[in-house]
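Coordinate analysis (summary)
Residue-level listing of the chains:
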Amino acid sequence: MTFPRKISVVTASEISSEQKERIEKLFSSKHKGETVEFEYSIDKQIIGGLLVIDGDEFYDGTLRSQIEKINPNYLVTEEFAQAALTAKGRKRKSVKRRSGKSGLETADATAADIKAHVDSELLGAVNEYKKSFDVRHAGSIVFCGDGVIKANGLSDAEYGEMLRVENGAQAIALSLEEDCVGAIVLDDDDKVTAHMTVKSTGMIVSVPVGKKLLGRVVNPLGKPIDGLGDFRADKYRPIEAPAPAIKDRDKVNTPLETGIIALDSMIPIGKGQRELIIGDRQTGKTSVAVDAIINQRGKNVVCVYVAIGQKSSTVASVVQTLTQHGAMPYTVVVSATASSSAPLQYIAPYAGCAIAEEFMYSGKDVLIVYDDLSKHAVAYRAMSLLLKRPPGREAYPGDIFYLHSRLLERAAKLSKEKGGGSMTALPIVETLAGDISAYIPTNIISITDGQIFLDTALFNSGMRPAVNVGLSVSRVGSSAQSPAMKSVSGRLRLDLSQARELAVFAQFGADLDESTMRALERGKRTNEVLRQDVHAPMSTAHQVVLLYIATKDLLGAIPLNRIDEFKEQFIRYFDVHHADIVKRIASGELTIDMGITIEDAVNEFSVYFLGKDNA
């Protein structure tokens with residue numbers, strides 16, 4: 001006994017018998033030799049058009065699907081559909097559709113807001129809707145648990161494609177098997193159950209982007225979580241995108257000033273660079289990144305801070321610090337805390353990168369911080385094991401390298417033809433007992449353009465920031481430094497490394513000659529110059545002045561325990577009495593005459609600082 005094939009036809013209102021006859025003739029010819037039964041139903045939420053469900057194939061020609069294409073994150077409610085139908089029934093002027101700028105609000109918008117919107121931009125999009133079918137496959141969920149679903153059907157699903165469950169939840173296809181598709185649920189997975197229908201969309205998960213996000217804290221789906229109310233996004237952008245081609249990139253030779261003297265002098269970062277911050281927990285990794293964000297104030301640089309797997313209190317502390325230092329107006333915070341699901345932690349850095357890309361392609365300079373990618377890898381491992389993908393080294397899946405390479409390769413300095421924007425990435429990775437040869441750290445070190453290694457021993461000794469000069473490197477080098485900074489930092493790394501090596505030998509109590517003692521004493525004073533409080537970034541001009549003093553060994557008369565006090569007071573003195581020199585250094589110039597002026601200023605101020613008897 002053969003059962004008839006059932007085809008469901010869904011419309012927004014009752015259709016005529018002639019329309020039914022055309023539909024039945026079309027689909028009966030497709031299934032010649034089979035008995036076909038047609039079921040008709042009305043669903044006002046599709047707004048208009050037609051939806052035909054033929055087995056696992058959805059022939060979607062509804063106005064609702066067109067709206068969701070404009071804004072994939074918008075959930076069409078019955079209230080919205082009714083308002084749209086009311087507006088559609090009246091004659092109105094056609095409004096020109098503006099691609100990507102639907103202006104759709106959240107699902108809890110009031111009826112008045114909906115009607116006002118339908119009367120304007122959306123109605124224009126509806127009027128220009130092409131009556132053509134999007135043929136998509138659908139399936140049924142056969143397994144659901146721990147944020148992971150498996151669905152049969154979906155024969156046209158692609159890796160990374162967004163799937164939509166019948167209750168409106170979004171999922172990402174990550175495992176394509178012979179008889180089913182494995183996906184991760186991004187929304188509240190408690191509302192997703194077995195036997196629900198899930199459809200492919202042919203799209204990638206998108207997030208809102210644009211200036212409306214500046215100063216806001218959002219989750220990885222772009223929804224605000226800072227309690228400041230909803231916002232209307234200017235545009236949406238897919239979280240996955242190809243990296244800029246080599247021909248579209250420019251040289252990385254413009255400094256991105258962090259305000260941290262140890263980094264700007266010895267480990268310079270250029271706009272468009274990817275510089276890894278690595279070290280054990282509680283060594284100041286986040287503080288270095290936050291200081292770099294604070295230092296961009298007034299420099300026309302947009303900042304994006306992505307928190308992955310951090311405690312909610314830690315993220316709140318970072319936001320408070322940025323607010324206190326006036327950095328939030330040019331910063332976007334994307335937060336997927338430790339209490340968030342693994343899928344949300346997985347997409348967080350890609351969502352932050354999409355937000356940053358929008359500014360980069362509009363010609364702006366962007367600084368993005370991923371804090372941290374080791375927790376991101378752990379979240380991806382958890383999802384992969386739940387999807388029963390084969391584990392590799394340390395139980396990570398085989399594509400763990402691709403996970404981070406496709407993210408970090410999107411950071412670049414664009415050519416002038418492409419707008420000249422840049423995206424500088426500062427990924428953070430946590431090590432265990434200082435082991436930088438572990439699996440995830442070595443992967444990311446091989447992807448990035450250098451690393452800043454923060455040493456636990458230096459941190460415990462009171463050095464801030466605790467930068468290990470021997471293990472830190474910037475592959476961009478001095479090409480991302482101003483001429484003035486380049487002239488004073490040339491031998492700094494070598495002198496500092498030699499002083500630290502000599503300090504190790506000095507611990508054994510061996511007799512040291514006079515030159516070695518001088519080198520050790522000079523190294524101690526240089527370390528004091530490089531010591532810097534958190535959240536106190538320093539301008540490049542002030543850094544150059546202090547480094548000139550240190551490299552010329554002009555601090556010999558200053559007691560070691562008073563160098564920090566001397567630095568603070570001397571900079572104020574120099575700003576007042578030699579403001580013209582500060583301006584010239586800021587423009588990148590440091591001449592011999594300017595150096596002599598700095599030396600004279602040090603001698604003059606030392607008399608005041610130490611007193612005439614001790615000078």
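Reading guide: rules and limits
- Residues numbered from 1 in each chain as written.
- Predicted model: local features only at pLDDT ≥ 70, side-chain atom pairs only at ≥ 80, totals over all residues.
- Heavy atoms only, no water.
- Helix = DSSP H or I, 4+ residues; strand = E, 2+ residues; numbered from the N terminus.
- Contact = heavy atoms within 4.5 Å.
- Polar contact = N/O pair within 3.5 Å; in protein donor to acceptor, adjacent residues only side chain to side chain.
- Buried < 20%, exposed > 50% of the residue type's maximum accessible area, 1.4 Å probe, protein only.
- Pairing = 2+ DSSP bridges.
- Core = buried A, V, L, I, M, F, W, Y, C linked by side-chain atoms within 4.5 Å.
- Patch = residues over 30% accessible without salt bridge, like charges linked within 9 Å, V, L, I, M, F, W, Y side chains within 5 Å.
- Areas by Shrake-Rupley, 256 points an atom, 1.4 Å probe, with all protein chains shown as cover.
- Salt bridge = Lys/Arg side-chain N within 4 Å of Asp/Glu carboxyl O.
- Phe/Tyr/Trp six-rings, centres within 6.5 Å; stacked < 30°, edge-to-face > 60°.
- Expected span 1.5 Å × (residues − 1).
- Bend = angle between axes of the 7 residues up to and from the residue.
- pLDDT = per-residue confidence, 0-100.
- Axes fitted to C-alpha atoms, helices over the stretch in contact; angles between N-to-C directions.
- Parallel < 35°, antiparallel > 145°, perpendicular 65-115°, else oblique.
- Left-handed = near helix turned anticlockwise from the far one by under 90°.
- Nonpolar A, V, L, I, M, F, W, Y, C, P; charged D, E, K, R; others polar.

**Some thoughts on the overall build of the protein**
Each helix and strand in the protein was counted, giving 19 helices and 20 strands. A sequence separation of at least 24 residues applies to 74% of the contacts in the protein between residues at least 6 apart.

**Observations concerning the side chain of histidine 376**
Tracing the backbone through its elements, the reader meets histidine 376 in helix α9 (residues 373-386). A polar contact is formed between the side chain of histidine 376 and the side chain of histidine 404, at a distance of 3.2 Å. What histidine 376 contacts, discounting residues up to four positions off in sequence, is Ile308, Gln345, Tyr346, Pro349, Tyr350, Leu403 and His404.

**So, the environment of leucine 373**
Among the secondary structure elements, leucine 373 is positioned in helix α9. Overall, the relative accessible area of 0% leaves leucine 373 in the buried class. Leucine 373 has contacts with Ile308, His404, Leu407, Leu408, Pro427, Ile428, Val429 and Ile444, leaving out every residue within four places of it along the chain.

**Thoughts on the sheet that holds strand β20 (residues 473-474)**
Pairing within the open sheet is mixed, and its 8 strands lie in the order β12-β16-β15-β17-β18-β14-β19-β20. Taken across any chain shown, the strands that pair with only one partner, and hence form the sheet edges, are β12 (217-218) and β20. Across 2 bridges, β12 lies against strand β16 (residues 331-336) in parallel orientation. Residue pairing across strands places valine 218 opposite valine 334, the latter belonging to β16.

**A short note on the nonpolar core**
In this structure, Ile293, Leu322, Phe570 and Ile585 are the most contacted members of the largest nonpolar core, which totals 73 residues. In terms of residues, this core owes the most to one element, helix α16 (residues 540-551), which gives 8 residues. Leaving out residues up to four positions away in the same chain, phenylalanine 570 has contacts with Val545, Ile549, Ile598, Ala601, Val602 and Phe605. The next biggest cluster of nonpolar side chains, apart from the first, holds 60 residues, and it includes Leu174, Leu213, Ile278 and Tyr350.

**Here's the deal with helix α10 (residues 400-408)**
Summarising burial for α10: 7 of the 9 residues are buried, a large majority. Considered for burial, the residues of α10 that qualify are Ile400, Leu403, His404, Ser405, Arg406, Leu407 and Leu408. In the core, the buried residues of α10 are packed alongside α8 (342-361), β17 (365-371), α9, β18 (422-430) and α11 (439-447).

**Digging into unusual backbone geometry**
Look at the link from aspartate 371 to aspartate 372: it is a cis peptide, with omega at -5°. Along the chain, aspartate 372 turns up in the loop between β17 and α9. With a phi angle near 75°, histidine 195 is a residue other than glycine that sits in the positive phi range. As for its placement among the helices and strands, histidine 195 is situated in the loop between β9 (181-185) and β10 (197-200). Look at histidine 195 and you get exposed, because its relative accessible area is 68%. For asparagine 300, which is not a glycine, the phi torsion comes out positive at approximately 60°. Here asparagine 300 is to be found in the loop between α6 (285-294) and β15 (301-308).

**Focus on a nonpolar patch on the surface**
Taken together, the side chains of Val504, Phe505 and Phe508 define a hydrophobic patch exposed on the protein surface, amounting to about 370 Å² of accessible area. Summarising the element assignment, valine 504 is placed in helix α14 (residues 492-506).

**Focus: the packing of aromatic side chains**
Under the criterion given, the structure shown has 12 aromatic pairs. Centre to centre, the rings of phenylalanine 566 and phenylalanine 609 are 5.3 Å apart; their planes meet at 85°, and the pair counts as edge-to-face. Of this pair, phenylalanine 566 sits in helix α17 (residues 563-577) while phenylalanine 609 sits in helix α19 (residues 592-610), and the two are 43 residues apart along the sequence. Relative accessible area serves as the criterion here: at 1%, phenylalanine 566 is assigned to the buried category. The class of phenylalanine 609 is buried, set by a relative accessible area of 8%. Measuring from ring centre to ring centre gives 5.7 Å for phenylalanine 570 and phenylalanine 574, while their planes differ by 35°; the resulting arrangement is tilted.

**Some details on α8**
If you check α8, its first and last C-alpha atoms are 30 Å apart, about what 20 residues at 1.5 Å a residue would give, namely 28 Å. At alanine 348, α8 shows its largest bend, some 35°, and a proline, proline 349, comes one to four positions later. In terms of burial, α8 is a largely internal element, 18 of the 20 residues being buried.

**Some points on the pairing of strand β3 (residues 49-54)**
Note: strand β1 (residues 5-11) against β3, 5 bridges, orientation antiparallel. Paired with valine 10 across the strands is leucine 51, a residue of β3. Judged from the 6 bridges that link them, β3 and strand β4 (residues 57-62) form a sheet pairing that is antiparallel. Note on β4: the bridge partner recorded for leucine 51 is aspartate 60.

**Examining the environment of glutamine 273**
Position of glutamine 273 relative to the elements: it lies in the loop between α5 (261-266) and β14 (276-279). Setting aside its immediate chain neighbours within four residues, glutamine 273 contacts Val252, Pro268, Met423, Thr424, Ala425, Asp449, Ser474, Arg475 and Val476. In terms of polar contacts, glutamine 273 uses its side chain to reach the backbone amide nitrogen of glycine 270, at 2.7 Å.

**Re the confidence of the model for the protein**
On average, residues of the protein score 85 in pLDDT, and 87% of them are at 70 or above. For the protein, the element scoring lowest by mean pLDDT is helix α4 (residues 111-127), at 43; β15 scores highest, at 98. Note that pLDDT drops below 50 for residues 87-131; the model gives that stretch 70 contacts with residues more than four away or on any other chain.

**Considering the pairing of strand β11 (residues 206-209)**
Going residue by residue along β11, you find Ser206 and Pro208 tucked away on one face and Val207 and Val209 tucked away on the opposite face as well. The pairing of β11 with strand β13 (residues 235-238) spans 4 bridges and is antiparallel. Counterpart to valine 207 in the pairing with β13 is arginine 237.

**Overview of the packing of α14 against helix α15 (residues 514-530)**
It is the contact of α14 with α15, at a shortest axis distance of 9 Å, that shows an interaxial angle of 120°. Accordingly, the angle class assigned to the pair α14 and α15 is oblique. Helix-helix and strand crossings are classified by hand; for α14 and α15 the assignment is left-handed. Touching Leu492, Asp495, Leu496, Ala499, Arg500, Leu502, Ala503 and Ala506 of α14 are Thr516, Ala519, Leu520, Arg522, Gly523, Thr526, Asn527 and Leu530, all from α15. Across the contact of α14 with α15, the residue classes tally to 9 nonpolar, 4 polar and 3 charged.

**With respect to the pattern of salt bridges**
In this structure the tally under the stated criterion is 25 salt bridges. In this structure, lysine 150 engages glutamate 177 in a salt bridge whose closest nitrogen and oxygen atoms are separated by 3.3 Å. With lysine 150 in strand β6 (residues 148-151) and glutamate 177 in the loop between β8 (170-176) and β9, the pair connects residues that are 27 residues apart, well separated along the chain. Linking glutamate 589 and arginine 584 is a salt bridge whose minimum nitrogen-to-oxygen distance equals 3.4 Å. Residue glutamate 589 is classed as partly exposed on the basis of its relative accessible area of 34%.

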